[in-house]
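This is what each chain is made of:
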Amino acid sequence: MGLIENIQDDGLGGLEHNVVTGQLEKLVSWSRARSSWPATFGLACCAIEMMATGGSHYDIARLGMEVFRASPRQADVMIVAGRVSQKMAPVLRQVYDQMMEPKWVISMGVCASSGGMFNNYAIVQGVDQIVPVDVYAPGCPPGPQTLLHAINTLHTQIESGELLRRRQGGAGIVVEQLDGQGETQLVRLGQK
Amino acid sequence: MGYFEGFGVTFRKWGEGVTTREYRGGRTNKDGDISVKDEKAPKPERTHGRHVLNRYEDGMEKCIGCELCAGVCPAKCIYVRGADNPAEDPKSPGERYGYVYEINYLRCIHCDLCVEACPTEAITETKLFEFSFTNRSDAIYTKEELLVGDDGKPQNLPWEDWRPGDDENTSGWMRATSPSGKAAYEGQVAWGGELGYGVREPELGQAQEDPPEVPVEIETDDHGGHH
């Protein structure tokens, strides 16, 4: 059995799994996926659809997610539902920072994902500039079924992911930061 | 006894059956099968969902690269570039075709204005609304992903959850209305055929119940300007 030198970089990769630890890892990720409590972060009309998903017709309790937590310390998934204004951005980041690891983010709706039709000075053009986003749900607003599809995508990711490391890659886009001061910087969005 | 009235409502509703729609996001089991309970809720006929680029019945693309959809888009999510048709292997009937066609689904608000603007009914919206992305490059649909296949059916991408019926009447009911918005045109077929579906039937509406006695004259607005 090997040793883990740097848990940030290697995760559990240094360990050689045997029957017990391998099954234990599956069990932990299974239970994480089945009880991922969302943090309420409804910002606009998408929040209405998020509430509809919690209601009896779509019943998010089937997925073990019915407890929308007002305290970020008790939540696992932050569903950013709605457009994030520049003034809301530090609040959103603070709520994200207060959440306990492991934590995930669903960017619900086009406004949260990319600014949507509000391409102006007041709205953050994509919440992945502030927090790392795992799943994007398109639509304006996404219906409850679109959100359920996004939740299913996230659960599949949680179950197939590693226990101690975040999924790498971030938002999958690289922005060239041209500030006119020295060399061009490449910034990868949505990474920790 | 006001305390228990709320419980009374609950108990009265007890026998009325289950309202929950067991949609599970297309979750598959170990064998790759979707659960029998995993059903979508029925959708309205004019649902606006993911777009498709249609073809004519002979397989030619309908898009002529005119960029009207990109111009009308309020979210500026469509990017189109037209190009001249290659003479030996034309992509569309006519002079030009859509060389680049991209839609960013992290901007699109599904307002259907592109469908209204399209002069050839090239772009329409299906009823698929159950899709989500794990990165931003998946969300930008290229022309290869938007264009219907050789059978005229939309392409099923791995992050989408297609069910039977989602591809039928793609914004077809919208097209049943005349371009000028006059109800007297209702019931008249004024649109072309479509690969895989043929010429769509007109919407049964006013024309069916109350047919116009005089043949419809198309008014041309020659004097122009505002009234």
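For the structure itself, look to the data block above.
A brief look at the structure comes next. (Residues numbered from 1 in each chain as written. Chains lettered and ligands numbered in written order. Predicted model: local features only at pLDDT ≥ 70, side-chain atom pairs only at ≥ 80, totals over all residues. Heavy atoms only, no water.)

Brief notes about the packing of aromatic side chains
So, point 1. Evaluation of the coordinates by the stated rule reveals 11 aromatic pairs over all chains.
So, point 2. Centre to centre, the rings of Phe4 of chain B and Phe7 of chain B are 6.3 Å apart; their planes meet at 35 degrees, and the pair counts as tilted.
So, point 3. Taking the centre distance of 6.5 Å and the plane angle of 85 degrees together, the rings of Phe131 of chain B and Tyr141 of chain B count as edge-to-face. Highlighted residues: Phe131 of chain B in the loop between strand E4 (123-125) and helix H4 (136-139) and Tyr141 of chain B in strand E5 (residues 140-141), separated in sequence by 10 residues.
So, point 4. When its relative accessible area of 0% is taken as the criterion, Tyr141 of chain B is described as buried.
So, point 5. Pairwise contacts between aromatic rings join Tyr105, Phe131, Phe133, Tyr141 and Trp159 of chain B into one cluster.
So, point 6. It is Lys103 of chain A that lies over the ring of Tyr96 of chain A; its NZ or CZ is 4.3 Å from the centre. (Phe/Tyr/Trp six-rings, centres within 6.5 Å; stacked < 30°, edge-to-face > 60°. Helix = DSSP H or I, 4+ residues; strand = E, 2+ residues; numbered from the N terminus. Buried < 20%, exposed > 50% of the residue type's maximum accessible area, 1.4 Å probe, protein only. Lys NZ or Arg CZ within 6 Å of the ring centre and 35° of its normal.)

Comments concerning helix H6 (residues 144-160) of chain A
So, point 1. Over its 17 residues, H6 of chain A runs 24 Å from end to end, which matches the ideal 24 Å to within 8%, given 1.5 Å per residue.
So, point 2. Burial analysis of H6 of chain A places 14 of its 17 residues in the buried class, the great majority of the element. (Expected span 1.5 Å × (residues − 1).)

With respect to the sheet that holds strand E2 (residues 77-81) of chain A
Residue and element names in this part refer to chain A.
So, point 1. If you trace the 4 strands from one edge of the open sheet to the other, you get E1-E2-E3-E4, paired in parallel fashion. Each edge of the open sheet carries a strand with a single partner, namely strand E1 (38-42) and strand E4 (135-137). When the angles between neighbouring strand axes are averaged without regard to direction, this sheet yields 20 degrees.
So, point 2. Note: E2 against strand E3 (residues 104-108), 5 bridges, orientation parallel. Pairing of Val77 across the sheet is with Trp104, part of E3.
So, point 3. This element, helix H3 (residues 46-54), spans E1, E2 and E3 of the sheet and lies at about 135 degrees to E2.
So, point 4. Strands E2, E3 and E4 of the sheet are contacted by H6, whose axis makes an angle of about 155 degrees with E3. (Pairing = 2+ DSSP bridges. Axes fitted to C-alpha atoms, helices over the stretch in contact; angles between N-to-C directions. Contact = heavy atoms within 4.5 Å.)

With respect to the pattern of salt bridges
Charged atoms that come close allow side chains of opposite charge to pair.
Residue and element names in this part refer to chain B.
So, point 1. If you walk through the whole model with that rule in mind, you get 17 salt bridges over all chains.
So, point 2. Salt-bridge contacts for Lys43 lead to Glu130; the nearest nitrogen and oxygen are separated by 3.1 Å. Pair noted here: Lys43 is in the loop between helix H1 (5-12) and strand E1 (51-53) and Glu130 is in the loop between E4 and H4, with a separation of 87 residues, a long-range link.
So, point 3. Given the relative accessible area of 25%, Lys43 is considered partly exposed.
So, point 4. When the shortest N-O distance is used, the salt bridge between Glu67 and Arg81 registers 3.2 Å. Linking Glu67 in the loop between E1 and helix H2 (68-72) with Arg81 in strand E2 (residues 78-84), this pair joins segments that are 14 residues apart in sequence.
So, point 5. On the accessibility criterion, Glu67 (30% relative accessible area) is partly exposed.
So, point 6. The network of salt bridges with common partners includes Lys40, Lys43, Glu130 and Asp166. (Salt bridge = Lys/Arg side-chain N within 4 Å of Asp/Glu carboxyl O.)

Examining H3 of chain A
Residue and element names in this part refer to chain A.
So, point 1. Those residues of H3 that fall on the buried side of the exposure criterion are Cys46, Ala47, Met50 and Thr53. End-on, the buried residues of H3 take up no more than an arc of 110 degrees, which puts them together on one face. For H3, exposure combined with an orientation more than 90 degrees from the buried face picks out Ile48 and Met51.
So, point 2. Where H3 is buried, its residues contact E1, E2, E3, helix H5 (109-114) and H6. (Arc of directions from axis to C-beta.)

Some points on the interface of chain B and chain A
So, point 1. In this assembly, 32 residues from chain B lie in contact with 40 residues from chain A.
So, point 2. Summed over both sides, the interface of chain B with chain A buries roughly 2900 Å², with 50% coming from carbon and sulfur.
So, point 3. Counting the surface chain B buries against chain A, the share from its top three residues, Arg27, Arg107 and Arg136 of chain B, is 23%.
So, point 4. Across the chain B-chain A interface, the total number found is 2 salt bridges.
So, point 5. Arg27 of chain B is the salt-bridge partner of Glu159 of chain A, the closest N and O atoms lying 2.7 Å from each other.
So, point 6. Counted by class, the side of chain B that touches chain A contains 12 nonpolar, 8 polar and 12 charged residues. (Buried area = accessible area lost by both parts, 1.4 Å probe. Nonpolar A, V, L, I, M, F, W, Y, C, P; charged D, E, K, R; others polar.)

Some points on the pairing of strand E3 (residues 96-104) of chain B
Residues and elements named next belong to chain B.
So, point 1. With 7 bridges connecting them, E2 and E3 associate as antiparallel partners. Looking at the pairing, Gly82 lines up with Gly98 of E3.
So, point 2. Pairing between E3 and E5: 2 bridges, direction antiparallel. Bridged to Asn104 within E5 is Ile140.

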